[in-house]
Amino acid sequence: MSEKIETLLQEASRFEPAPEWVANALVRDPDRHYRRSVDDLAGYWQEIAREFEWMAPWRAVLEWKYPDAKWFVGARCNITENCLDRHLRGDRKNKLALLWLGEDGEERAFTFGRLHREVCKLGSALRQLGVRKGDRVAIYMPLTPEGIVAMLACARIGAVHSVIYAGLGSGAVRDRVGDAGAKVVIASDVGYRRGKVVDLKGILDEALAQTPTVERVILHRRAEPKIALGAREIDFEDLLASGSTNCAPEPMDSEDWLFILYTSGSTGKPKGCAYVHGGYMVGATHLWKLLCDVHEDDVYWCTSDIGWIVGHSVMVYGPWCNGTTVVAREGAPDFPHAGIVWETIERCGVTKMFTAPTALRMFMRLGTEWPAKYDLSTLRLLACAGEPLNPEALRWAHRHVMQGRGPVLDNWWQTETAAPVIGTWPAMTAKAGKVGKPFPGYRAEVLDRDGQPVAPNTGGLLCLRGPWPQMFRTVWGAHERYEQYFRQIPGVYVAGDVATVDEDGYLAVLGRADDVLNVAGHRIGTADVESTLVSHPSVGEAAVIGKPDPIKGEVIKAFVLLRSGFTPSDALRAELVEHVRRLLGPIAAPAELEFAAKLPKTRSGKILRRVLKAQELGTDPGDLSTIEE
Ligand code: AMP
C-alpha cells in the first residue's frame with residue numbers, strides 16, 4: 001500500500017486465561033505449538049491426518065504448485081465415515097449428536113446412531129434416483145435436521161453439495177444453481193423466522209423456471225396442509241422412507257469435491273468456492289477442536305446457519321468429525337423474546353458457544369437484564385468470528401456472559417479459508433481489539449502493495465503465505481478467479497482486509513481494504529472509528545463510510561444504532577462526535593452522524609458499508625443478492 005494506514009485506537013485491556021483453564025487446555029503453549037506447525041508443515045498435518053480414518057493411505061502429504069495445492073495425495077476417504085461410522089464403531093453410537101430446536105421451542109434429538117441411519121437412508125435413496133459421484137446437488141433448506149442430513153447424504157455418495165442460504169431471493173438461487181450445474185435440488189417448502197412463515201417454495205419455483213440442468217426437486221414439506229407436488233418433485237419423507245440404512249460411503253480421492261459454497265462478491269457474479277474431502281476434513285476439524293478446546297463432554301452451540309461456511313466447518317463437519325454434541329436452533333436470536341439465546345444455553349446445558357460480533361452487539365443493545373435472568377453456569381467458552389470484535393462487545397461478553405468462567409475468543413476467517421486462520425487460542429492472553437495470532441500451519445503477514453512487510457502497528461494488507469489443507473481449491477468453473485487472489489502480490493494469498501501486527505505478533509483486522517477511509521491524507525480503517533463509537537454507553541452498533549469532500553478528500557459519516565433506553569438528540573450527536581475526537585483525534589471525528597434504526601447487513605450479519613455509501617452518494621451499490629431486508 002503506498003500510503004500507510006494509521007491505527008488510532010489505543011486499547012490496553014487484556015484478558016489472561018485462568019491457570020486452571022490453561023492446565024486443562026488441549027494446547028497449553030500456543031507459541032511453541034505454532035512454531036512446530038510451521039517449521040514442519042507437512043509433518044504437522046500428517047500427524048493430525050493420522051487421527052482420521054482413511055480407506056487408502058497418501059503417497060505424499062502435500063503437492064504445492066503455487067497457487068494450487070493438493071493434500072494427502074492419492075489417499076482415499078469419505079468425510080462422513082469420520083463424522084458418523086467412526087463413532088458407531090467406537091463408543092459414541094448412543095451419544096447425542098444433534099439437539100435441534102425450532103423457533104417455537106420444538107425439540108428433536110439425534111444420536112450418532114440415528115443420524116447415521118438417516119444419512120444412509122437419504123444417501124441410498126439419492127443413489128437410486130441416479131445421483132452419482134461428482135453430481136452437484138443444491139440444498140435450499142433452513143437450519144433443520146433434514147437440511148443437515150441432506151448435506152451429509154450428498155457427501156456420503158460423493159455428490160457435491162451446494163447449500164444456498166434459505167432466505168436468498170430467486171435471482172441469487174437461480175445464479176447459484178445454474179453456476180454449479182445442479183442436477184437435483186433438495187428444498188423445504190417453508191422456513192420459520194420471527195414467528196413468520198417464509199415461503200421458500202415460491203422463491204424456488206421462480207428460480208428454477210430458468211435453470212434447465214435441474215431434473216429433480218426433493219421437497220421437504222413442513223407446512224400443513226401439505227402443498228401438492230409438481231411433475232419433477234418428490235416428497236423428502238417418502239424418499240427417505242424408500243432408502244436403506246445400508247449405504248456404504250463412496251470412496252473419495254482426497255482431492256475429490258466435497259462441496260461448493262458461494263460467497264457474495266462485490267460484482268454481480270457469485271463466486272463458488274470449492275472444497276475437497278481430505279484436506280478440508282483434516283484442517284477444519286483440527287482447527288475447530290483447538291479453537292474451542294473441545295472435550296468429550298462438550299455441548300456445543302453455533303448460532304450460524306448451514307448457508308454459511310461457519311455452518312459447514314464449525315457447525316457440521318468439524319464438530320461431528322470430533323464426535324461432539326451439537327445444538328442447532330432455527331430462527332432469529334431475539335425471538336420469541338430477547339432472552340432466548342440465554343434460555344437456550346440454560347435449557348441445553350451449552351458448554352461452548354460460537355457466535356458473531358453482530359449478535360453480541362445485538363445482545364448488548366437489548367440490555368444486561370436478559371443474560372442475568374438465566375443460569376449460564378455451564379458455559380465455559382465463547383468464540384466469535386465474522387467482523388471486528390469491538391473491545392466494548394468483548395468486555396460486555398466477559399462481564400455479563402462468561403463472568404470469569406472462561407475465555408471470549410476472537411477468530412478471523414473467510415469463506416475461502418474454510419476454517420479459522422487467526423485467533424486468540426484458548427490458553428492465550430486476549431488483547432481487546434486484536435484478533436490474536438495465526439493458527440497452526442498458517443503464515444499470516446501484513447504487507448504493503450509491493451509485498452514488503454509494514455512496520456509493527458502500521459496497517460497493511462493481510463496476506464497468507466503457503467497452502468493450508470482446508471483451503472478452497474478453485475472458484476467453480478472459473479479457476480482464473482481463484483488465481484486472482486494469489487496474483488495481486490506474488491507469492492501470497494491476499495485476503496482483501498487491512499490489518500496490523502504488534503510487537504508480540506498479535507494481529508488486528510481494521511476492516512475491508514475497500515472500505516478504508518481517507519481523510520486529509522490519513523488512511524484509517526473502519527474498525528477503529530466504529531469500535532470507538534461502540535465504546536460509548538449509548539451506542540449498540542455503528543458503521544462509518546467516507547464521503548467525498550473537496551478539501552479533505554473524504555470526510556467521515558457515521559451511522560449509529562442506540563442501545564435500549566437511549567433516544568436520538570442533537571446533544572447526543574455532538575457528544576458522540578466529541579467522544580471520537582477525544583479518543584482518536586480530530587482526524588477521525590465524524591463530520592456527519594446519523595441515528596439509524598437499522599444498518600444494511602448481509603444475511604450472515606455483516607455490515608454492508610458499500611450499500612450505505614451508495615445510498616449516500618446515489619451510486620450503484622453492486623451485488624445485493626445477500627442483503628438482509
Ligand atoms: P465471509 O467470507 O463472508 O465469511 O467474510 C469474510 C470477511 O469477514 C473477512 O474478509 C473479514 O473482512 C471479515 N471477518 C471475519 N472474521 C473477522 C474477525 N474476527 N475480525 C474482523 N473481520 C472479520
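Residues numbered from 1 in each chain as written. Predicted model: local features only at pLDDT ≥ 70, side-chain atom pairs only at ≥ 80, totals over all residues. Heavy atoms only, no water.

Summing up its helical and strand segments, the protein has 19 helices and 35 strands in all. Taken against the 2.2 N^0.38 rule, which gives 25 Å for 629 residues, the C-alpha radius of gyration of the protein at 24 Å falls within 12% of a compact globule. The dimensions of the protein, computed from C-alpha atoms along their principal axes, are 70 × 55 × 50 Å. Here the contacts in the protein between residues at least 6 apart in sequence split such that 71% fall between residues at least 24 apart. If you average the places of the 75 positive and of the 81 negative side-chain charges in the protein, the two averages end up 2 Å apart. (Helix = DSSP H or I, 4+ residues; strand = E, 2+ residues; numbered from the N terminus. Rg over C-alpha atoms; globule rule 2.2 N^0.38 Å. Contact = heavy atoms within 4.5 Å. Lys, Arg positive; Asp, Glu negative; His and termini not counted. Charge placed at Lys NZ, Arg CZ, Asp CG, Glu CD.)

Another point: the pairing of strand E35 (residues 592–595). Only one face of E35 is covered, namely the one carrying Leu593 and Phe595; the face carrying Glu592 and Glu594 has none of its residues buried. Crossover strand E34 (residues 553–562) to E35 through helix H18 (residues 570–584) is right-handed. (Buried < 20%, exposed > 50% of the residue type's maximum accessible area, 1.4 Å probe, protein only. Right-handed = clockwise from strand over helix to strand, strands pointing away.)

Within the structure shown, the criterion is met by 27 aromatic pairs. An angle of 50° between the planes, with centres 5.5 Å apart, marks the rings of Trp425 and Phe439 as tilted. Residue Trp425 is found in the loop between strand E23 (422–423) and strand E24 (430–431), and its partner Phe439 is found in the loop between strand E25 (437–438) and strand E26 (443–447); the two are separated by 14 residues along the sequence. Since its relative accessible area comes to 2%, Trp425 is described here as buried. Owing to a relative accessible area of 1%, Phe439 belongs among the buried residues under this scheme. (Phe/Tyr/Trp six-rings, centres within 6.5 Å; stacked < 30°, edge-to-face > 60°.)

Turning our attention to the domain arrangement of the protein. Interface extent is often summarised as the accessible area lost during association of the parts. According to the domain assignment, the protein contains domain 1 (5–78 + 255–509), domain 2 (79–250) and domain 3 (516–617). The gap between the C-alpha centroids of domain 2 and domain 3 is 41 Å. (Domains from an automatic or database assignment.)

This part takes up the sheet that holds strand E22 (residues 408–412). Read from one edge of the open sheet, 9 strands run E7-E6-E19-E18-E20-E21-E22-E23-E25, paired in mixed fashion. Looking at the sheet topology across the chains shown, the edges are occupied by strand E7 (107–111) and E25. Together, strand E6 (96–101), strand E18 (299–302), strand E19 (325–329) and strand E20 (352–355) form the strand contacts of helix H11 (residues 309–321), whose direction differs from that of E18 by roughly 165°. (Pairing = 2+ DSSP bridges. Axes fitted to C-alpha atoms, helices over the stretch in contact; angles between N-to-C directions.)

Here we take up the pattern of salt bridges. Per the counting criterion, the structure on display carries 49 salt bridges. Here Arg108 and Glu146 are joined by a salt bridge, their closest N and O atoms 2.8 Å apart. With Arg108 in strand E7 and Glu146 in helix H6 (residues 145–157), this pair connects stretches of sequence that are 38 residues apart. One connected set of salt bridges, linked through shared partners, spans Arg14, Lys431, Lys434, Asp502 and Asp504. (Salt bridge = Lys/Arg side-chain N within 4 Å of Asp/Glu carboxyl O.)

Once that is clear, we can look at the nonpolar core. In this structure, Trp54, Phe72, Leu126, Tyr317, Trp320 and Phe354 are the most contacted members of the largest nonpolar core, which totals 119 residues. Both domain 1 (5–78 + 255–509) and domain 2 (79–250) contribute no fewer than three residues apiece to this core. (Core = buried A, V, L, I, M, F, W, Y, C linked by side-chain atoms within 4.5 Å.)

Once that is clear, we can look at the packing of helix H7 (residues 170–180) against helix H8 (residues 200–208). As a packed pair, H7 and H8 sit with axes 8 Å apart at the nearest point and diverge in direction by 50°. Considering their axes alone, H7 and H8 lie oblique with respect to each other. Crossing geometry of H7 relative to H8 is assigned as right-handed. Two secondary-structure elements touch here, H7 through Ser170, Val173, Arg174 and Val177 and H8 through Ile203, Leu204, Glu206, Ala207 and Leu208. (Parallel < 35°, antiparallel > 145°, perpendicular 65-115°, else oblique. Left-handed = near helix turned anticlockwise from the far one by under 90°.)

With that out of the way, let us pick up the state of the cysteines. The final tally for this structure, using the stated rule, is 0 disulfides. Unpaired in terms of disulfides, Cys120 finds its nearest cysteine sulfur in Cys247, a separation of 5.1 Å. Cys292 carries a free sulfur, and the closest cysteine sulfur to it, the one in Cys302, is 8.6 Å from it. Look at Cys292 and you get buried, because its relative accessible area is 0%. (Disulfide = S-S within 2.5 Å.)

Further remarks concern the site of the ligand. Close contacts around the ligand come from 13 residues, with Asp410, Asn411, Thr415, Asp497 and Arg512 the closest. Gln414 places a polar side-chain atom, nitrogen or oxygen, 2.9 Å from an oxygen atom of the ligand. Within the side chain of Asp497, one N or O atom sits 2.8 Å away from an oxygen atom of the ligand. Computed on the free molecule, the ligand has an accessible area of 490 Å², of which 85% lies beneath the protein chains in the complex. It is E22 that provides the largest number of residues to the shell around the ligand, a total of 3 residues. Broken down by class, the residue content of the shell around the ligand amounts to 4 nonpolar, 4 polar and 5 charged. (Near = heavy atom within 4 Å. Polar contact = N/O pair within 3.5 Å; in protein donor to acceptor, adjacent residues only side chain to side chain. Areas by Shrake-Rupley, 256 points an atom, 1.4 Å probe, with all protein chains shown as cover. Nonpolar A, V, L, I, M, F, W, Y, C, P; charged D, E, K, R; others polar.)

Along helix H3 (residues 41–49), the residues that are buried comprise Leu41, Tyr44, Trp45, Ile48 and Ala49. Angular distribution of buried residues about the axis of H3 spans 135°; they occupy a single face of the element. In this structure, the buried side of H3 is in contact with helix H2 (30–39), strand E3 (60–65), strand E4 (68–73) and helix H10 (277–291). (Arc of directions from axis to C-beta.)

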